[in-house]
Amino acid sequence: MKKNIHPDYHEITVCMTDGTTYTTRSTWGKAGDTLKLDIDPKTHPAWTGVHRLVDSGGQLAKFNKRFKDFGLKG
């Protein structure tokens, strides 16, 4: 195995959306950093069965503004 080509593998803390935390090993960040999740198995529709729209970066608002007059008129 070649030396000095692999990323640093260290312990980080992962903070779930409900505030619970756990420690795992990762190449993300620096040793001791905390990774805060926006979506996790406790909130993602694939696991909860509850569908909600997640607006990241205002994309949903931009879509609604662009197509607000589009639709069927009776």
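For the structure, see preceding data.
What comes next is a walk through the structure. (Residues numbered from 1 in each chain as written. Predicted model: local features only at pLDDT ≥ 70, side-chain atom pairs only at ≥ 80, totals over all residues. Heavy atoms only, no water.)

### Remarks on a nonpolar patch on the surface
Then, number 1: Taken together, the side chains of F63, F67 and F70 present a nonpolar region at the surface, about 370 Å² in accessible area.
Then, number 2: Mapped onto the secondary structure, F63 falls in helix 2 (residues 59-66).
Then, number 3: Look at F63 and you get partly exposed, because its relative accessible area is 48%. (Patch = residues over 30% accessible without salt bridge, like charges linked within 9 Å, V, L, I, M, F, W, Y side chains within 5 Å. Areas by Shrake-Rupley, 256 points an atom, 1.4 Å probe, with all protein chains shown as cover. Salt bridge = Lys/Arg side-chain N within 4 Å of Asp/Glu carboxyl O. Helix = DSSP H or I, 4+ residues; strand = E, 2+ residues; numbered from the N terminus. Buried < 20%, exposed > 50% of the residue type's maximum accessible area, 1.4 Å probe, protein only.)

### Focus: the side chain of D40
Then, number 1: Counting through the fold element by element, D40 comes out in the loop between strand 3 (34-36) and helix 1 (45-48).
Then, number 2: Judged by relative accessible area, which is 2%, D40 ranks as buried.
Then, number 3: A polar side-chain atom of D40 sits 2.9 Å from the main-chain amide nitrogen of T17.
Then, number 4: Not counting residues up to four positions away in its chain, the partners in contact with D40 are M16 and T17. (Polar contact = N/O pair within 3.5 Å; in protein donor to acceptor, adjacent residues only side chain to side chain. Contact = heavy atoms within 4.5 Å.)

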